[in-house]
Every structure is written in C-alpha cells, then in structure tokens.
Amino acid sequence: RWCYYLPVRPLWNEPRPRYWEQCWDGNAFFMTRFRSSAAPEGVPCCWVTDLSDDHFIMPDNACFPVWLRHVPQPSKKNGSNGVLAGMDDEPVVTANLSPVARAYLQHLKLPDPDRDAETAALLWLHALAIGFSPAYLAENADGIRQDWPRIPLPAERDALLASAELGRRIAALLDIDRSVTGVTAGKIRPELRAVGAMYRVGGGSIDPDDGELAVTAGWGYAGKGGVTMPGKGRIEPRPLEEPTAEPSYDLYLNEVAYLSNVPRSVWEYSVGGYQVVKKWLSYREKAVLGRDLRLDEAVYLTDLIRRLAALVALRPQLDTGYAAARDQTWKMPIARPA
C-alpha cells in the first residue's frame, strides 16, 4: 500500500518529520522498538530503506538511519539578508555513529565511517544479524522484552565483518523490492524449489480467470472499525518424509489452490509481533481485499515464503556470530577521574 507523505497533522497521526528528512536514495534504517508488547514477538528488529509505518513493529518502531544528511540553513553572510545565503551549499552527510562507536571502529583499525560507506553501516548490520539470532533472543528474552535490544560488540575485527556480512544478507532478504539470486530469481536453490510452490487440487494449471486465485479459506475478516482481523484459514499438515524432518504444511487459498510444503519454522516466523505469512493472507481475504489475487501477487507470496525459508537457513550462522560477540565482547573504555 502506497501513501502520500505530508508533514501536516492530523492527516498523519504522527508525521515524524525528522525521520522523513533522512529518507533519501542511498540511505537505510535499522528499525527496532523500545520494548515489546507482543507475545510471541519473534525478531525485534528489521531493515528498511524508505518511510515505514509506525506500527511495522509493535508497539511503535524507531528507525535509526545509517547516514545523517544535514542541509545548510540560510544565514546572513556577505551582506545577504539570509534568504538566498547557503542555498547552493551541498548537504553534509555523516555516518550516524556516536563518539564511542567511532572509537570502537578506530580500535579495530577500520576506515573513517564518514568517508567509507561500508564502515558506516557495519555496526547497524551487525545489530541486525544479532537481532535475528535465535540464541540471542532466547538468552536475553527478559531484557529484550522490557527494553531496547542490547547488542554485544565483538572484540575482533574479523568477527564484526563476518557478522555484518550476515546482516547484509538479511537486509537483502527483507527488501521486497530487490530480487535475491537463488531465492526469488535465477536458479532457485535446490532446498527452496519445493518450498511454497502453488498447486491445484487434482493437478492441472490454476485458472485466475475462473476465480481460482481468490483467497476465501477464512484467513481474515473485517473487525470493529474496519480493522482486519486474522482468521483460522485452512492449513493441512503434510506427512513427514523422514522421522527427523521438520513438520510442514499446505496452506489453502480456497478449495482449489494451495501453497505446498511450507515448513513450520516459516509458517510461525514472526517479525515485531506479526506472524508474517498469516498476516499477509489475512489482508488478502477476498471479503477484505474486495477482489481475487492477481497472478503477480500469487508469485510474490511464493517468493515471500522462500525469503523466510532463507532467513531460517541462516540461523546456525547467526548463532555462531552471536556467540563470537558474546564470548569475546569489546570492553568500552571507562573514563577515570584524574
């Protein structure tokens, strides 16, 4: 859903003009929240490159830009009355990092973050990777639920770079406007090919012109005040191919079309308090949406499920990265009185 932004109240409940000022091509945001209000919450952070809804993460999200752009303000100089002064000056762009964060990067002998884009993003991408680690979420559940997520910084340069690379892969999977080779484009990875593929009961091709892409399995309905509420839908467990295999499901759009082989870990995947696939389906119920799915939307749903499956597949590496930061954490220098 696209919305036009205006800094006028009460068109928006809270337009957040300081946030909007930093929404420009080339910038990105690490998103999290000050406490949790959902159980289960799932992942308490995300990565966005544009203006996001305030309730993307419950209860209210906070978006931290990788870069800060300062536009020079008109001032009186050279006899000017201030109206035109400074208008030709280029915006000043700096990395959004505190003095302590900069000291940490300098300690690791990394380039100046104000001059190097990759260095400027390292800490934010590292935070993203740690926030997606199941081991981190389990070991710090009480603290994360009550406050901001606290992210350990690894003492070793290589550990930070490896963690940030994982964060970069997560950011790519979260960016729905960007295709990911092997997941949504190109030659799909073998382990993902059977995940979330759409089939027709009895075989044959799905016919969108015959209403076979209508979501009518009871995934969502309009609640009080027009708020969309999730329904039970229709989810059928699949026979386990091996005793040690993860349970998986078939998700039905209607009596004819269904998404095959959705692993339980993907079906239950939550970000910021929202069960992703279930939330998507609830808003596409025909009684809510007012129409059938388009073919491109059906393809997108398969892509969404495969993105989540790829995120699940990263979990062992994410836990390893978290362990490296936890077990060898950088000790922040403490200023001592003379």
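Residues numbered from 1 in each chain as written. Predicted model: local features only at pLDDT ≥ 70, side-chain atom pairs only at ≥ 80, totals over all residues. Heavy atoms only, no water.

> I'm lost on the sheet that holds strand β1 (residues 29–33) in this one. Help?
What holds strands together in a sheet is hydrogen bonding between their backbones, with the strands either parallel or antiparallel. Taken in spatial order, the 3 strands line up as β2-β1-β3 in an open sheet, and their pairing is antiparallel. Of all the strands in the sheet, the pair left with one neighbour each is β2 (46–48) and β3 (61–65). Each adjacent strand pair in this sheet contributes to an overall mean axis angle of 35 degrees, direction not counted. Each of β1, β2 and β3 is contacted by helix α3 (residues 117–131), which is oriented at about 140 degrees to β2, the strand it contacts most. (Pairing = 2+ DSSP bridges. Helix = DSSP H or I, 4+ residues; strand = E, 2+ residues; numbered from the N terminus. Axes fitted to C-alpha atoms, helices over the stretch in contact; angles between N-to-C directions. Contact = heavy atoms within 4.5 Å.)

> Would you mind showing me how to read helix α2 (residues 99–107) here?
An α-helical turn contains 3.6 residues, so any two residues separated by three or four positions project in the same direction. Of all the positions in α2, only Ala-101, Tyr-104 and Leu-105 are classed as buried. Buried residues of α2, viewed axially, fall in a sector of 95 degrees; they line one side. Counted as exposed and oriented over 90 degrees from the buried face of α2: Pro-99 and Gln-106. Buried residues belonging to α2 abut α3 and α6 (157–174). Following α2 by one or two positions, Lys-109 adopts a phi angle in the positive range, close to 60 degrees. (Buried < 20%, exposed > 50% of the residue type's maximum accessible area, 1.4 Å probe, protein only. Arc of directions from axis to C-beta.)

> Quick question: what am I supposed to make of unusual backbone geometry here?
Most peptide bonds take the trans form, and the phi angle of most residues other than glycine is negative. Omega for the peptide link from Ala-39 to Pro-40 comes to -5 degrees, which places this bond in the cis form. Its location among the elements puts Pro-40 in the loop between β1 and β2. Looking along the chain, the bond that leaves Met-58 and enters Pro-59 is cis, with omega of 0 degrees. Summarising the element assignment, Pro-59 is placed in the loop between β2 and β3. Positioned with a positive phi, Asn-261 is a non-glycine residue whose angle comes to about 60 degrees.

> Can you help me understand the packing of aromatic side chains in this one?
Within a pair of aromatic rings, the relevant descriptors are the distance that separates the centres and the angle that separates the planes. Under the counting rule described, the total for this entry stands at 12 aromatic pairs. Consider the rings of Tyr-5 and Trp-20, whose centres lie 4.4 Å apart with planes at 20 degrees: the pair is stacked. On the criterion of sequence distance, the pair formed by Tyr-5 in the segment before α1 (17–21) and Trp-20 in helix α1 is long-range, its members being 15 residues apart. On the basis of relative accessibility, which here comes to 14%, the residue Tyr-5 falls in the buried class. On the accessibility criterion, Trp-20 (37% relative accessible area) is partly exposed. Site record: aromatic cluster; members linked through ring pairs are Phe-30, Phe-34, Phe-64, Trp-124 and Trp-148. Geometry around Tyr-252 places Arg-234 over its ring, the cationic atom sitting 3.8 Å from the centre. Here Arg-284 stacks its cationic end above the ring of Trp-280, 4.2 Å away from the centre of that ring. (Phe/Tyr/Trp six-rings, centres within 6.5 Å; stacked < 30°, edge-to-face > 60°. Lys NZ or Arg CZ within 6 Å of the ring centre and 35° of its normal.)

> How do you make sense of the sheet that holds strand β11 (residues 257–263) when you look at a structure like this?
As summarised here, the arrangement of the 4 strands in space is β6-β11-β10-β9, forming an open sheet in which the pairing is antiparallel. In this open sheet, the two edge strands, each paired with only one partner strand, are β6 (197–200) and β9 (235–237). Taken pair by pair, the neighbouring strands of this sheet meet at an average axis angle of 30 degrees, ignoring direction.

> Sorry if this is basic, but what is going on with the nonpolar core here?
One recurring pattern in soluble globular proteins: nonpolar side chains tend to sit buried together. In this structure, Trp-47, Leu-128, Phe-132 and Leu-253 are the most contacted members of the largest nonpolar core, which totals 75 residues. Filtering out sequence-adjacent residues up to four positions away, Leu-253 remains in contact with Met-198, Leu-213, Ala-214, Val-215, Thr-216, Ala-217, Trp-219, Tyr-258, Leu-259, Leu-281, Leu-293 and Leu-301. Core analysis: the second largest hydrophobic core is formed by 6 residues, Ile-130, Leu-137, Tyr-322 and Ala-325 among them. (Core = buried A, V, L, I, M, F, W, Y, C linked by side-chain atoms within 4.5 Å.)

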